[in-house]
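Report on the structure
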Amino acid sequence: MKRQGLVLAGVLAATVLFPLSAEAFSSRDLRQLTRSNACPGCNLAGLRLRGGDLSGVDLSGAQLGEAQLFGANLSQAVLSGASMPSVFLSAANLSEADLSGADLSRAYLSQANLTNANLQGANLRGAMLSGANLSGANLREADIRFAILNTTRFCGTTMPDGAVNNSGC
């Protein structure tokens with residue numbers, strides 16, 4: 001937990017010194033996240049965090065549109081109902097994350113680890129999932145129309161219609 005606080009403190013310092021745009025995230029929300037590892041419903045849209053450790057974080061219902069979280073560790077994170085359109089999560093670890101009902105439309109999830117992730121009812125319309133690992137993931141009732149799924153790994157994956165896909169085992 002101490003290491004995680006240091007990573008988040010570094011993010012806070014970098015984002016205060018190098019603001020992203022007029023529509024960037026709320027620095028108050030980022031401070032709350034740094035202190036408590038939880039910020040349900042907060043605004044972190046446009047956040048840039050390369051390789052940061054956010055494992056187990058509670059960001060349910062948060063605004064993360066266009067955030068850049070390349071290689072971030074979000075394992076066991078709670079992101080249910082989060083608004084994450086066009087988020088950049090390439091090579092991120094989202095294993096065992098709760099993304100149920102999240103808006104991941106046009107998200108970039110190439111090479112992401114989504115092993116045992118809960119994506120039930122998530123909007124993945126137009127998402128880039130090339131090379132992502134969806135082993136054991138729950139995609140029941142998820143919208144995957146227009147998603148790019150080439151080289152995506154399916155093994156014990158519950159598909160939107162409830163069928164289990166073992167094509168990549």
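As the structure is a prediction and not an experimental result, all values here were calculated from the model.

**Observations concerning the overall build of the chain**
Check the secondary structure of the chain and you find two helices and two strands. Starting at the N terminus and walking to the C terminus, you meet the elements of the chain as α-α-β-β. For the chain, with 169 residues in total, the buried portion stands at 46%. Sequence separation of at least 24 residues holds for 7% of the intrachain contacts in the chain that already meet a minimum separation of 6. With the model as given, the accessible surface of the chain reaches about 7700 Å², and the carbon-plus-sulfur share is 51%.

**Some remarks on helix 2 (residues 27-36)**
Think of an α-helix as turning once every 3.6 residues; residues three or four places apart then point the same way. Within helix 2, burial applies to Asp29, Leu30, Leu33 and Thr34. Projected down its long axis, helix 2 carries its buried residues within an arc of 140°, all on one side. Exposed residues lying more than 90 degrees from the buried face of helix 2 are Arg28 and Arg35. After helix 2 finishes, the residue asparagine 37 shows a positive phi value of roughly 60°.

**A look at the nonpolar core**
Among the nonpolar cores identified, the biggest contains 47 residues, and Leu59, Leu114 and Leu119 are the most heavily contacted of them. Sequence-distant contacts of leucine 59, defined by excluding residues within four places in its chain, comprise Leu33, Cys39, Pro40, Cys42, Leu44, Leu64, Val78, Leu79 and Ala82.

**Digging into unusual backbone geometry**
The phi dihedral of serine 86 is positive, around 60°, even though this residue is not glycine. Mapped onto the elements of the fold, serine 86 is located in the loop between helix 2 and strand 1 (157-158). Although it is not a glycine, phenylalanine 146 sits at a positive phi angle of roughly 65°. Of note, phenylalanine 146 is situated in the loop between helix 2 and strand 1. A residue is classified by how much of its surface remains accessible, and phenylalanine 146, at 63% relative accessible area, is exposed.

**Let's talk about the state of the cysteines**
A covalent bond bridging the sulfur atoms of two cysteines is what the word disulfide describes. For the structure on display, the rule yields one disulfide. Disulfide partner of cysteine 155: cysteine 169, at an S-S distance of 2.0 Å. Here the disulfide of cysteine 155 and cysteine 169 is right-handed, its torsion about the S-S bond being about 110°. Residue cysteine 155 is located in the loop between helix 2 and strand 1, and its partner cysteine 169 is located in the segment after strand 2 (164-165); the two are separated by 14 residues in the primary sequence. Taking the relative accessible area as the measure of exposure, cysteine 155 reaches 22% and is therefore partly exposed. Since its relative accessible area comes to 57%, cysteine 169 is described here as exposed.

**Examining the pattern of salt bridges**
Evaluated as defined, the whole model comprises three salt bridges. Across the salt bridge formed by arginine 28 and aspartate 29, the nearest N and O atoms sit 3.3 Å from each other. On the basis of relative accessibility, which here comes to 53%, the residue arginine 28 falls in the exposed class. For aspartate 143, the salt bridge identified is with arginine 145, shortest N-O distance 2.8 Å. The structure contains a network of salt bridges with shared partners spanning Arg125, Asp143 and Arg145.

**So, the packing of aromatic side chains**
With the rule as written, the count across this model stands at two aromatic pairs. Aromatic side chains phenylalanine 70 and phenylalanine 88 sit 6.1 Å apart centroid to centroid with 25° between the ring planes, which places their arrangement in the stacked category. Residue phenylalanine 70 is found in the loop between helix 2 and strand 1, and its partner phenylalanine 88 is found in the loop between helix 2 and strand 1; the two are separated by 18 residues along the sequence. Residue classification places phenylalanine 88 among the partly exposed positions, given a relative accessible area of 29%. Judged by centre distance (5.0 Å) and plane angle (5°), the ring pair of phenylalanine 88 and tyrosine 108 falls under stacked. Residue phenylalanine 88 is located in the loop between helix 2 and strand 1, and its partner tyrosine 108 is located in the loop between helix 2 and strand 1; the two are separated by 20 residues in the primary sequence. On the accessibility criterion, tyrosine 108 (32% relative accessible area) is partly exposed. Among the aromatic residues, ring-to-ring pairing joins Phe70, Phe88 and Tyr108 into one connected group.

Rules of the game
- Residues numbered from 1 in each chain as written.
- Predicted model: local features only at pLDDT ≥ 70, side-chain atom pairs only at ≥ 80, totals over all residues.
- Heavy atoms only, no water.
- Helix = DSSP H or I, 4+ residues; strand = E, 2+ residues; numbered from the N terminus.
- Buried < 20%, exposed > 50% of the residue type's maximum accessible area, 1.4 Å probe, protein only.
- Contact = heavy atoms within 4.5 Å.
- Areas by Shrake-Rupley, 256 points an atom, 1.4 Å probe, with all protein chains shown as cover.
- Arc of directions from axis to C-beta.
- Core = buried A, V, L, I, M, F, W, Y, C linked by side-chain atoms within 4.5 Å.
- Disulfide = S-S within 2.5 Å.
- Salt bridge = Lys/Arg side-chain N within 4 Å of Asp/Glu carboxyl O.
- Phe/Tyr/Trp six-rings, centres within 6.5 Å; stacked < 30°, edge-to-face > 60°.

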